[in-house]
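Residues per chain are reported as follows:
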Amino acid sequence: MKSKLPMQKRFFVLVLFSIVCAVTVAQNTQNITVSFNNTPLKEAVLKVETLSDKTFYFEDSWLQGYSVTKSFKNETLRTVLDGLFSNTNINYVLHEGKVILLNNTYVYTELPTNYFNDAKPEEKQPETIDNAPIFQEEYASQSVETRKLVTIGKQTPNASNKTYILSGSFKNAKTGEPLQNLSISTTDRSKYDVTDADGRFSIRLPYGLNKLETNLLGFERIRQDVIMYGDGSLNIQLRENTESLDEVIVKSNKDANVRDAVVGVTNINIEAIKTIPLVLGERDVLKVATTMPGIKTAGEGSSGFNVRGGRADQNLILLDDAVLYNPSHFLGFFSAVNPFTTGSLEIYKASIPAEFGGRLSSVFDIETKSGSMEKFKGEGSVGPITANLAVEVPVVKGKASLIAGFRATYSDWILRSLDEEELKNSEASFYDGIVKYKHNIDNNNSIQGTFYYSKDRFSITSDSIFDYNNRLISLKYGRNFNDKSRAEVILVNSQYKYGINYEADANEDFDFGYALNEYQAKLNLSYKLSKKHKLSYGLSSKLYAIDPGNIEPVGANSDVLSKTLDREKGLESAVYIADLFEVNKRLLLDVGLRYSFYAALGEATQNVYEADVPKSENSIVEVKHYDKNEIIETYGGPEYRIAARYLLGSDFSVKAGFNRTIQYLHLLSTNTTQSPTDIWKLSDLNIAPQRANQYSLGFFKNLPASDVEFSLEGYYKTMTDLLDYKIGAQLILNDNLETELLQGEGKAYGIEFLVKKNSGKFNGYFGYSYSSSQVKLDSQIMQERVNNGEFFPANYDKPHDFSVVANYKLTKRFSFSGNFTYQTGRPITYPIGRYVFAGEEQVLYSDRNQFRIPDYYRLDLGVNIEGNHKLNKLAHSFINISVYNVLGRNNPYSVFFVNDAGEIKAYKTSIFSIPVPTITYNFKF
């Protein structure tokens, strides 16, 4: 804003203007011929000085870092100088035999129009929606560091009406890691952007001085003044914010739940879960996820998850891009993911990104955190049955790091010390380890690799030993081509194996083995087409190799016959493209298309069955033989991923989404919950892939003053070709497995409510969902029809699900936490009568899943004690004292029936029917 100049100042300006005009009139008529080949700019300038009759004035530092490759033939001095400085920030003035170089400063030969005008320019207001600012200031209490002024581009005349793009990246000054979800904006919030996964941003700014600010949870807030004379880049490093304050809340991703286009996404705060009381004091990332609406388990201590009415096999669980097939330890009591090495967990219940495929219901995207690139540090815990240790090692300071974690149980020692003789002979143990290496080659290239291995071994009876293990290998190379384009190449291998060793009867002793291997190559690319369009696209191919089972006799007296089923192979490939399209300030679209293609491969033998009769050995009409890698059958189709967000206000939005998914892999189990001995089966000539359509709608509202989030989401899902099994099905070592299976349809619908308070002395969340998951097994063949072909509740259907997780911080060191859960009992089939057939009394059962076991509820309480926060300590401690199932509720895990002397009696089993106290010691160094 300009003030009116006094008369004497106007006179001074006019005199200065006249001098400048006189300076620019002077022309050098001498012509110069000279050539330069990668010549330092200073050397070139001095050469031109010797060829002219002028004296040059400049600072040496202005010319450093520039070189020249140009040729001039009989050119004027002005033409030569323009050529020398064309790609630099140097301007110049010719004056009375002198050449005065200027560092990014331009001397105007005429004053701007209305230079002496008294009118004040209109002040620019931040963009609003319904008269409410899009961004709200929430960091007033946090100190702001002002960084040194930066000039981008070269000042040129007649450029004041232009805008330019400032791009670059933000990194952690300590570790060198990119900073994701950092917001950078002008102080009036009229221009803004948020960094992506690689810490990169791109923001369009007007000509001249711009004042920028940054916001990111846990990092210093800075103010960066930037003068824009052209397009350019700016890379900034931020320090972690470790200042101790009374109550300062710095949030990144402000209003992300309202502003993002995706619906049905859950983010788990890894650090916050340490205060939630869980069974046996084990900090568990995946168990905490089950307290969120829409994510359930079949029961206490069960393995697998049921997301929005989906089965346990319909979840894609990724650990650093590799599939984790069995995500549990200890028969489902603990997850197989180490909490101390986990950096983030995002769960997509709907709006699944187009890059993910192969499952119907959800994606659990788990990313291991990168180790510190600056100093050695670690974290660990000691609990009643497990111990855990994770360390971070800087391999090359500032460029490369390694993080390694190892966890194991010593429950065997506890079992042997008990008085119960049967438990003394039992065995239950597990361990897992993970190593991740990250190397930033330069600002644009990085590589990382992850290796993970877990093993469980258990024996509830003295005659059988079960064991299973997961192995993952993941390699990723990332390259930033420029500020708009990035590519990632990913190679992974996942392996899941289990075995059974039976030694109870010398005539029947055996070893049984099962193995699944998956190999995948993936290319992900992203391109910022414009401010409104952000494209992501890529392709992937995955090879499955399944050894369905083999059995070998143990000992010379065993009568068990050796048997090995043929290997199953399948190739699943896909190509995808997605566009994040900002239509306007209110409407945001996330539109994606994925096309997947699957081929079942030989070497194999497949049966062709007679139509309209039950599949059995008697209905086989042809046996087809396929050579190695010969295509047996193909499936495929488009998978649509559509999501939209419409802002009703700055902190209130409505979102809608549609997902179509295809799954070519099936899990076969006769248990209600996922078991270590379940069988994964590929689609083939007789088994079609599962398909699903999901429609979702949600409303999202934030109360910024109290830092409270509200969400209300509804969904409707249809599924086809779901696999089920006939009563009494034999799934193990069955050459004609398809004769035991049924394929039907399913539907699921529900509504989910979540209110979450993120900060303050009292914080936590309350979640409730009402849902229904139903299955229909109908066929023209009576033997393949269940419940007369009508819909009936799935085994894991639990209509009402209510959870409360709360924390109260009494002081900086002492806090209390609680967790309450209520769920409807799951369905069950009851015996309802008896009848006589062929002279024998038989039991008459109800329709499948007609009744329910008793409802489930549980209360857990905990006390958390932080160690003192002295800086010069070997380690900082955190103690959690908790009681699981405080009320001693005898929640039934299952109900079964026994014929006792002609009388049918019902019994129930429970996992934890009494309060379970736990104390866990955690430490950091």
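Going by the structure above, here's the rest.
(A) Representation of the pattern of salt bridges within the structure. This structure, assessed with the given rule, holds 34 salt bridges. Between R200 and D483 there is a salt bridge whose closest N-O contact spans 2.5 Å. One end of the pair, R200, is in strand β12 (residues 200-206); the other, D483, is in the loop between β30 (464-480) and β31 (485-502), with 283 residues separating them in the sequence. Judged by its relative accessible area of 23%, D483 falls in the partly exposed class. Salt-bridge contacts for E518 lead to K542; the nearest nitrogen and oxygen are separated by 3.4 Å. Taken together, the positions of E518 in strand β32 (residues 510-528) and K542 in strand β33 (residues 533-553) put the pair 24 residues apart, joining distant regions of the chain. Across this residue pair, the class does not change: E518 and K542 are buried. Within this structure, R308, K349, E713 and E752 form a network of salt bridges that share partners.

(B) Summary view of empty space enclosed by the protein. The final tally for this structure, using the stated rule, is 12 cavities of 30 Å³ or more. Its volume calculated, the largest cavity comes out at about 440 Å³. Forming the walls of the largest cavity are 31 residues, and the residues nearest its centre are T297, G299, E300, Y856 and R858. If you list the elements that add at least two residues to the lining of the largest cavity, you get β17 (295-296), β49 (814-823), β54 (856-866) and β56 (892-900). The element contributing the most residues to the lining of the largest cavity is β49, with 3 residues. Considered class by class, the residues forming the lining of the largest cavity number 12 nonpolar, 12 polar and 7 charged.

(C) Broad picture of helix α4 (residues 77-84). When we look at burial in α4, the residues that qualify are L77, V80, L81, G83 and L84. End-on, the buried residues of α4 take up no more than an arc of 160°, which puts them together on one face. On the buried face of α4, the contacting elements are β1 (31-40), α2 (41-51), β2 (55-57), β3 (67-76), β4 (90-95) and β5 (98-103).

(D) The arrangement of the pairing of strand β39 (residues 631-649) in detail. Here strand β36 (residues 587-601) pairs with β39 via 15 bridges, running antiparallel. Bridge pairing in β39 links Y595 to P638. Direction of pairing for β39 relative to strand β40 (residues 652-663): antiparallel, over a ladder of 8 bridges. Counterpart to A644 in the pairing with β40 is A656. Hairpin connection of β39 to β40: 2 residues between the antiparallel strands.

(E) Layout of the side chain of Q694. Its place among the elements puts Q694 in strand β43 (residues 690-703). Beyond its immediate stretch of four places on either side in the chain, Q694 contacts R308, K349, A350, G657, F658, N659, Y715, Y716 and K717.

(F) Summary view of a nonpolar patch on the surface. A surface patch of nonpolar side chains, about 860 Å² in accessible area, is lined by Y646, L648, Y695, L697, F699, L712, Y716, Y749, I751 and Y770. Among the elements that line the nonpolar patch, the one with the most residues is β43, at 3 residues. Within the secondary structure, Y716 is located in strand β44 (residues 708-725).

(G) The environment of F897, seen in detail. Inspection of the secondary structure assignment puts F897 in strand β56. Accessibility expressed as a relative area gives 25% for F897, which makes it partly exposed. With 11 residues separating them in the primary sequence, F897 and K908 have C-alpha atoms 8.7 Å apart. Apart from residues lying up to four places away in sequence, F897 is in contact with T829, Y830, P831, I904, K905 and A906.

(H) Here's a closer look at the packing of α2 against α4. Viewed as axis vectors pointing N to C, α2 and α4 meet at an angle of 175°, and their least axial separation amounts to 11 Å. As summarised for this structure, α2 and α4 are arranged roughly antiparallel, according to the angle between their axes. Counting all contacts with α2, which are made through L41, A44 and V48, the residues of α4 involved are L77, V80 and L84. By residue class, the composition of the contact of α2 with α4 is 6 nonpolar, no polar and no charged.

(I) Region of interest: the nonpolar core. Counting 56 residues, the largest nonpolar core has Y325, F512, Y514 and W680 as the members making the most contacts within it. Beyond its immediate sequence surroundings of up to four residues, W680 is in contact with D313, Y325, Y514, L516, I546, L665, H666 and L667. Ranked by size, the runner-up nonpolar core spans 31 residues in total, among them I273, I317, I366 and I434.

(J) Inspection of the environment of Y66 at higher detail. Mapping Y66 onto the fold places it in the loop between α3 (60-63) and β3. For Y66, a relative accessible area of 26% translates into the label partly exposed. In this structure, Y66 is in contact with T39, P40, L41, N87, T88 and N89, ignoring residues within four places of it in sequence.

(K) Inspection of the side chain of K717 at higher detail. Inspection of the secondary structure puts K717 in strand β44. The side chain of K717 is buried and forms no salt bridge, while E752, the nearest opposite charge, is found at 8.8 Å. Here the side chain of K717 touches R308 through a polar contact of 3.0 Å, landing on its backbone oxygen. Looking at K717, its side chain comes within polar contact range of the side chain of S361, at 3.2 Å. K717 has contacts with V307, R308, G310, S361, N693, Q694, G746, K747 and A748, leaving out every residue within four places of it along the chain.

(L) Inspection of a negative patch on the surface at higher detail. A surface patch of negative charge is lined by D566, E603, D627 and E630. Structurally, D627 can be placed in the loop between β38 (620-626) and β39.

(M) Main features of unusual backbone geometry. Backbone torsion omega between G602 and E603 reads 20°, so that peptide bond is classified as cis. Mapped onto the elements of the fold, E603 is located in the loop between β36 and β37 (604-609). Residue N181 is not a glycine yet carries a positive backbone phi of 65°. Along the chain, N181 falls in the loop between β9 (163-172) and β10 (183-186). Residue D320 is not a glycine yet carries a positive backbone phi of 55°.

(N) Representation of the sheet that holds strand β16 (residues 265-268). Across the sheet, 5 strands lie side by side as β16-β23-β24-β19-β20; this open sheet has mixed pairing. Edge strands, defined here as strands with exactly one partner in the open sheet, are β16 and β20 (322-323). Here 2 bridges tie strand β19 (residues 315-319) to β20, and the two strands are oriented antiparallel to one another. Residue L319 lies in a different strand from β20, and its bridge partner there is A322.

(O) View of the packing of aromatic side chains. Taken as a whole and assessed by the stated rule, the structure comprises 26 aromatic pairs. With 5.2 Å between their ring centres and 25° between their planes, F305 and F364 make a pair best called stacked. Taken together, the positions of F305 in the loop between β17 and β18 (306-307) and F364 in strand β24 (residues 362-368) put the pair 59 residues apart, joining distant regions of the chain. Here F305 matches F364 in class, with each residue buried. An aromatic cluster is built from F458, F466, Y468, Y496, Y498, F512 and Y514, whose rings are joined through pairwise contacts. K655 extends its terminal NZ or CZ atom over the ring of F700, reaching a point 4.4 Å from the ring centre. Sitting over the ring of F791, K747 keeps its end group 4.5 Å from the ring centre.

(P) Structural view of the sheet that holds strand β15 (residues 232-238). Across the sheet, 3 strands lie side by side as β12-β9-β15; this open sheet has mixed pairing. Lying at the two open borders of the sheet, with one neighbouring strand each, are β12 and β15. On average, each strand axis in the sheet is tilted by 30° relative to the strand beside it, whichever way the strands run. Sheet analysis places β9 next to β15, joined by 7 bridges and oriented parallel. Looking across to β15, one finds that G168 is bridged to L234.

So, how was this worked out
Residues numbered from 1 in each chain as written. Predicted model: local features only at pLDDT ≥ 70, side-chain atom pairs only at ≥ 80, totals over all residues. Heavy atoms only, no water. Salt bridge = Lys/Arg side-chain N within 4 Å of Asp/Glu carboxyl O. Helix = DSSP H or I, 4+ residues; strand = E, 2+ residues; numbered from the N terminus. Buried < 20%, exposed > 50% of the residue type's maximum accessible area, 1.4 Å probe, protein only. 1 Å grid on protein atoms, 1.4 Å probe; cavity = no way out; pocket = protein on both sides within 12 Å on 5 of 7 lines; lining within 4 Å. Points joined across faces, edges and corners; volume = space filled by probe spheres on them. Nonpolar A, V, L, I, M, F, W, Y, C, P; charged D, E, K, R; others polar. Arc of directions from axis to C-beta. Contact = heavy atoms within 4.5 Å. Pairing = 2+ DSSP bridges. Patch = residues over 30% accessible without salt bridge, like charges linked within 9 Å, V, L, I, M, F, W, Y side chains within 5 Å. Areas by Shrake-Rupley, 256 points an atom, 1.4 Å probe, with all protein chains shown as cover. Axes fitted to C-alpha atoms, helices over the stretch in contact; angles between N-to-C directions. Parallel < 35°, antiparallel > 145°, perpendicular 65-115°, else oblique. Core = buried A, V, L, I, M, F, W, Y, C linked by side-chain atoms within 4.5 Å. Lys, Arg positive; Asp, Glu negative; His and termini not counted. Polar contact = N/O pair within 3.5 Å; in protein donor to acceptor, adjacent residues only side chain to side chain. Charge placed at Lys NZ, Arg CZ, Asp CG, Glu CD. Phe/Tyr/Trp six-rings, centres within 6.5 Å; stacked < 30°, edge-to-face > 60°. Lys NZ or Arg CZ within 6 Å of the ring centre and 35° of its normal.

None of this, on its own, says anything about what the molecule does.
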